[in-house]
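Commentary on secondary and tertiary structure
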Amino acid sequence: MSSIIAIIRLLSAFILIIPQIINPLFYIPSMQKSYFEDWSPEMDYTHEYAINIKKDSNKDFVILNLADIQLTNSEQFNSVGKEAFEMIDNLIEEQQPDLITLTGDNAWSAVCYIELVKFIDSLNIPWAPVLGNHDGDGSINDFWCSYICYESENCLFKFGPYDMGYGNYIINITENGKIIHSLYMMDTHSYKNYTTPDGKTYEDYDNLWNNQIEWYEWAVKGTNTLVGRTVESTVFLHIPVYEMKEVYESNYDRVNDKFTDVYAKGSFGVIHEIPCPGAENNGFFDLVKELGSTKNIIFGHDHINSGSVVIDGVRLTYGLKLGKGCYYEQGMMGGTIITINSYGKATVEHQYCA
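A quick note: this is a predicted structure, and the numbers were derived from the prediction, not measured. (Residues numbered from 1 in each chain as written. Predicted model: local features only at pLDDT ≥ 70, side-chain atom pairs only at ≥ 80, totals over all residues. Heavy atoms only, no water.)

Let's shift gears to the confidence of the model for the protein. Caution applies to low-pLDDT parts of the model: their predicted coordinates are not meant to be read in detail. Summarising the model, the protein shows a mean pLDDT of 92, and 91% of its residues fall at 70 or more. In this model, residues 12-17 is a region of pLDDT below 50 whose contacts with residues beyond four sequence positions or in other chains number 8 contacts. (pLDDT = per-residue confidence, 0-100. Contact = heavy atoms within 4.5 Å.)

Rendered as structure tokens:
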């Protein structure tokens, strides 16, 4: 009986949202381009370039990150979907966040995507997603997913500069009119072809592109110039940076489930599957260290990893997977909380749900 009810709910939802599914499909490539920004490294960075959110000076600014919700049609309309949304409700009630972020692989189909977006938007809290490798894969395409988010009332999503993927944008947290912390939302795309030394090609996960890295450097330096000092920042991605795999391979004790040596201090969470970044190191993390702004990089992608480790002063953190969509591990579900104080300093912790 429950499966029949789930099918009826799915069909009903599909019928009701047909206009929402169809509308973005009429945007031919030349029309789609109008949603993106023109950008060049010669442009001046201005206060108006970023989205600005005011922090209450009487309390910390709280971000709730949700990773890899990834419900399928069958899951969306049965107990799995119900539990996922209840989990989000409980996290909201406990944390009272000022902003919700989603680090990709948000939903598996067009119907699920619209249902998730409607639910998150109904919470009446500003929210900001990045796309994962499965968003456009499992629904219609990346533009369609971006458009659904962009059109939502409380969503801060911007398409960002053209030819960098979908959704590279900046959120500045301000207090008393001054920028105290920047959030860089960046698209790590899906897959790309790599070439081996002997000339063979193979497909693996993508990464940040060179022009995105250039854009990030431009924005960090521009923000620092505006403020007159180095502003602390956090980067939100889907696919992890290459260094997470390196530290796992060199300094993670699989038997005792913990980071070792200098990486043990301040680390938390576990790594239960081999990290899956892009196949090559694109140098982004080296730039992050050189610029000295970003102190936290938050990502998802690998569902049964919750590890957080500091490498050369930068904390790399797997966002805790939300719910049982796709694959999961019992006891490793919930949300990740980023708390920012009036000095712009951020701390990160996981909020586990039963």
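This part covers the packing of aromatic side chains. Taken as a whole and judged by the stated rule, the model has 25 aromatic pairs. On the numbers, 5.0 Å between centres and 65° between planes, the contact of Tyr216 with Phe284 is edge-to-face. Of this pair, Tyr216 sits in helix α9 (residues 210-227) while Phe284 sits in helix α11 (residues 284-291); the two residues are 68 residues apart in sequence, bridging distant segments of the chain. Residue Tyr216 is classed as buried on the basis of its relative accessible area, which comes to 0%. The class for Phe284 is buried, based on a relative accessible area of 1%. An aromatic cluster of at least three residues, connected via ring pairs, comprises Tyr35, Phe36, Phe143, Tyr147, Tyr150, Phe157, Phe159, Tyr162, Tyr166 and Tyr169. Above the plane of the ring of Tyr162 lies Lys33, whose end atom (NZ or CZ) is 4.7 Å from the centre. (Phe/Tyr/Trp six-rings, centres within 6.5 Å; stacked < 30°, edge-to-face > 60°. Helix = DSSP H or I, 4+ residues; strand = E, 2+ residues; numbered from the N terminus. Buried < 20%, exposed > 50% of the residue type's maximum accessible area, 1.4 Å probe, protein only. Lys NZ or Arg CZ within 6 Å of the ring centre and 35° of its normal.)

Ranked by internal contacts, the top residues of the largest apolar core, which has 62 residues, are Leu66, Ile88, Leu99, Ile171, Leu183 and Ile340. With 8 residues, the top contributor of residues to this core is helix α6 (residues 110-122). Apart from the residues within four sequence positions on either side, Leu99 is in contact with Ile53, Phe61, Val62, Ile63, Leu64, Ile125, Pro126, Trp127, Ala128, Leu156, Ile171 and Leu183. If you look at the next biggest cluster of nonpolar residues, it comprises 39 residues, including Tyr45, Trp218, Leu237 and Val288. (Core = buried A, V, L, I, M, F, W, Y, C linked by side-chain atoms within 4.5 Å.)

With that settled, consider empty space enclosed by the protein. Tallied over the entire structure, the rule returns 1 cavity of 30 Å³ or more. Taken as a whole, the largest cavity encloses approximately 40 Å³ of empty space. For the largest cavity, the full set of lining residues is Leu102, Asn106, Tyr113, Leu116, Val117, Ile120, Trp127 and Cys149. Here the lining of the largest cavity gets 4 residues from one element, more than from any other, and that element is α6. When the residues that make up the lining of the largest cavity are grouped by side-chain class, the tally is 7 nonpolar, 1 polar and no charged. (1 Å grid on protein atoms, 1.4 Å probe; cavity = no way out; pocket = protein on both sides within 12 Å on 5 of 7 lines; lining within 4 Å. Points joined across faces, edges and corners; volume = space filled by probe spheres on them. Nonpolar A, V, L, I, M, F, W, Y, C, P; charged D, E, K, R; others polar.)

Moving on: the pairing of strand β2 (residues 61-66). For β2, the tally of buried residues reaches 6 of 6 residues, placing the bulk of the element in the interior. Here β2 shows no split at all, with Phe61, Ile63 and Asn65 on one side and Val62, Leu64 and Leu66 on the other all buried. The sheet contact formed by β2 and strand β15 (residues 334-340) spans 5 bridges and is antiparallel. Bridge pairing in β15 links Phe61 to Ile340. In the sheet, β2 pairs with strand β3 (residues 99-103) via 4 bridges, with the strands oriented parallel. Opposite Ile63, over in β3, you have Leu99 as the bridge partner. (Pairing = 2+ DSSP bridges.)

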